[in-house]
Amino acid sequence: MRRVLPSLPSLTIFEASARHSSFTRAAEELNLSQSAVSKQVQSLEAFLGLRLFERVRQRIVLTEAGQLYLARVREALEIMESATMEALAFQGGGGILNIATLPTFGARWLAPRIGGFQALHPRIALSLTVRTWPFDLVEENIDIAVYYGEKPWPGGPSDLLMEEEVVPVCALSLLAPRGPLRAVTDLGRLALLHHRARPRAWKDWLQLAGGGDVNPFHGVRFEQFEMIIQAAISGMGMAIVPRFMIEAELADGKLIAPFAPAMKSPESYYLVCPERKRDLPAVQAFRRWVLDEMRVFHLRQAEQNRLVQPH
């Protein structure tokens, strides 16, 4: 069955013109003449029987129909571009691997190590994206992902990567004008830095540490741990963050942990993938590599803990 589709050049020209609100700037981007861009848009409007743009002063503005059409065209172009990049990746014989990860886990644990995987598997092209919201491995174009939760991912095979301990930390500059913290209740005079997705973290830790009199909900809320860590380093307040994310800052003194109790989180990190993709060579290669890296990481952690324990 023949599809009812306009030409691809007319769609790319339409998208560029809408993005720039200018035929001239679209022409410069696409290395075309302004008249060629204008004619392509007119041809597309004739094909659809709709006006997509109208002129307002010296600019072109999308009509209501143009706005609706742009959203779908842009989505379709992105899908086609992604599919093309995946096909091109097979020129090297390895294909492309789409990896989803949590933002701060990706930035602080995965990204510093991912070069090792690329060196071992140069023919596999990597595409890393971050997810801060629940995702669907089946519906989204994800081959393998790092998932944080209480239970293994229900939609496919999973591997436990690590459990998590969180600890309160701050910069020395936060305490300098106030003096040292002598008791957990002293936290009541400091701003607490919260992760929006973990609203009970401070409450649970304060109960564990005997700071029940401190209001656990005052302070500032952030979307990502990376922002919380940077805010703590700047002296904005006291943060409660996973210890593995701040090892470097604790080692070089950018952050300190004034109180000993670390709290084990009820949730853990898992490596998950869709059932239908578990046997793909690229997925299996990445899974083996991550688990090997995680074993090395745990061994180093255990050695560090042994060295710091009193004899």
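Here we summarise the structure given alongside this text. (Residues numbered from 1 in each chain as written. Predicted model: local features only at pLDDT ≥ 70, side-chain atom pairs only at ≥ 80, totals over all residues. Heavy atoms only, no water.)

## Observations regarding the side chain of Asp143
Right, on to step 1. Residue position: Asp143 is located in the loop between strand 4 (125-130) and strand 5 (144-149).
Right, on to step 2. Polar contacts involving the side chain of Asp143 include one to the main-chain amide nitrogen of Asn98, which spans 2.7 Å.
Right, on to step 3. At 2.7 Å, the side chain of Asp143 forms a polar contact with the side chain of Lys277.
Right, on to step 4. In this view, Asp143 contacts Ile96, Leu97, Asn98, Cys273, Pro274, Lys277 and Val283; residues no more than four positions away in its chain are not counted. (Helix = DSSP H or I, 4+ residues; strand = E, 2+ residues; numbered from the N terminus. Polar contact = N/O pair within 3.5 Å; in protein donor to acceptor, adjacent residues only side chain to side chain. Contact = heavy atoms within 4.5 Å.)

## Observations regarding the environment of Val283
Right, on to step 1. With respect to the helices and strands, the residue Val283 is situated in helix 11 (residues 281-308).
Right, on to step 2. What makes Val283 buried here is its relative accessible area of 1%.
Right, on to step 3. In this structure the C-alpha to C-alpha distance between Val283 and Asp143, which are 140 residues apart in sequence, comes to 6.8 Å. (Buried < 20%, exposed > 50% of the residue type's maximum accessible area, 1.4 Å probe, protein only.)

## Here we look at the pattern of salt bridges
Right, on to step 1. All chains considered together, the criterion is met by 16 salt bridges.
Right, on to step 2. Between Arg113 and Glu293 there is a salt bridge whose closest N-O contact spans 3.9 Å. Of this pair, Arg113 sits in the loop between helix 5 (103-110) and helix 6 (114-120) while Glu293 is found in helix 11, placing the two residues 180 residues apart along the sequence.
Right, on to step 3. The salt bridge involving Lys264 is made with Glu163; its shortest N-O contact spans 3.3 Å. Highlighted residues: Lys264 in strand 11 (residues 263-264) and Glu163 in the loop between strand 6 (158-162) and strand 7 (165-169), separated in sequence by 101 residues.
Right, on to step 4. Overall, the relative accessible area of 51% leaves Lys264 in the exposed class.
Right, on to step 5. What makes Glu163 partly exposed here is its relative accessible area of 45%.
Right, on to step 6. One connected set of salt bridges, linked through shared partners, spans Glu15, Arg19, Glu29 and Arg74. (Salt bridge = Lys/Arg side-chain N within 4 Å of Asp/Glu carboxyl O.)

## Here we look at the side chain of Ser17
Right, on to step 1. Relative to the helices and strands, Ser17 is located in helix 1 (residues 8-20).
Right, on to step 2. A distance of 2.8 Å separates a polar atom in the side chain of Ser17 from the backbone oxygen of Ile13.
Right, on to step 3. Sequence-distant contacts of Ser17, defined by excluding residues within four places in its chain, comprise Ser22, Phe23, Ala26, Val37, Val41, Phe53 and Ile60.

## Describing the sheet that holds strand 3 (residues 96-101)
Right, on to step 1. Pairing within the open sheet is mixed, and its five strands lie in the order 4-3-5-12-6. The sheet is open, and its two borders are formed by strand 4 and strand 6, each paired with just one other strand. Going across the sheet, the axis of each strand differs from the next one's by a mean of 25°, ignoring polarity.
Right, on to step 2. Pairing analysis gives six bridges linking strand 3 to strand 4, with the strands arranged parallel. Of the residues in strand 4, the one forming a bridge with Ala100 is Thr129.
Right, on to step 3. In the packing of helix 5 onto the sheet, the strands contacted are strand 3, strand 4, strand 5, strand 6 and strand 12 (268-272), and the crossing angle to strand 3 comes to about 115°. (Pairing = 2+ DSSP bridges. Axes fitted to C-alpha atoms, helices over the stretch in contact; angles between N-to-C directions.)

## Things to note about the pairing of strand 1 (residues 53-56)
Right, on to step 1. The pairing of strand 1 with strand 2 (residues 59-62) spans four bridges and is classified as antiparallel. Within strand 2, the residue paired with Val56 across the bridge is Arg59.
Right, on to step 2. Counting the residues that bridge the hairpin from strand 1 to strand 2 gives two residues, and of these Arg57 lies at a positive phi of roughly 55°.

## Quick word on helix 8 (residues 201-209)
Right, on to step 1. Taken as a whole, helix 8 has its buried residues at Ala201, Trp202, Trp205, Leu206 and Ala209. Buried residues of helix 8, viewed axially, fall in a sector of 120°; they line one side.
Right, on to step 2. In the core, the buried residues of helix 8 are packed alongside strand 7, strand 8 (192-195), strand 10 (238-242) and strand 11.
Right, on to step 3. Where helix 8 ends, the next residue or the one after it, Gly210, has phi of about 85°, a positive value. (Arc of directions from axis to C-beta.)

## Some points on the sheet that holds strand 7
Right, on to step 1. Within the open sheet, the five strands sit side by side as 9-8-10-7-11. Their pairing is mixed. Among the strands making up the open sheet, the edge pair consists of strand 9 (220-222) and strand 11.
Right, on to step 2. Taken together, the two bridges between strand 8 and strand 10 define a ladder with parallel strand orientation. If you follow Leu192 over to strand 10, its bridge partner there is Met238.
Right, on to step 3. Contacts between helix 8 and the sheet are confined to strand 7, strand 8, strand 10 and strand 11, with strand 10 contributing the most and set at about 95° to the helix.
Right, on to step 4. Seen against the sheet, helix 9 (residues 225-233) touches strand 8, strand 9 and strand 10 and runs at an angle of roughly 140° to strand 10.

These figures capture arrangement, not role.
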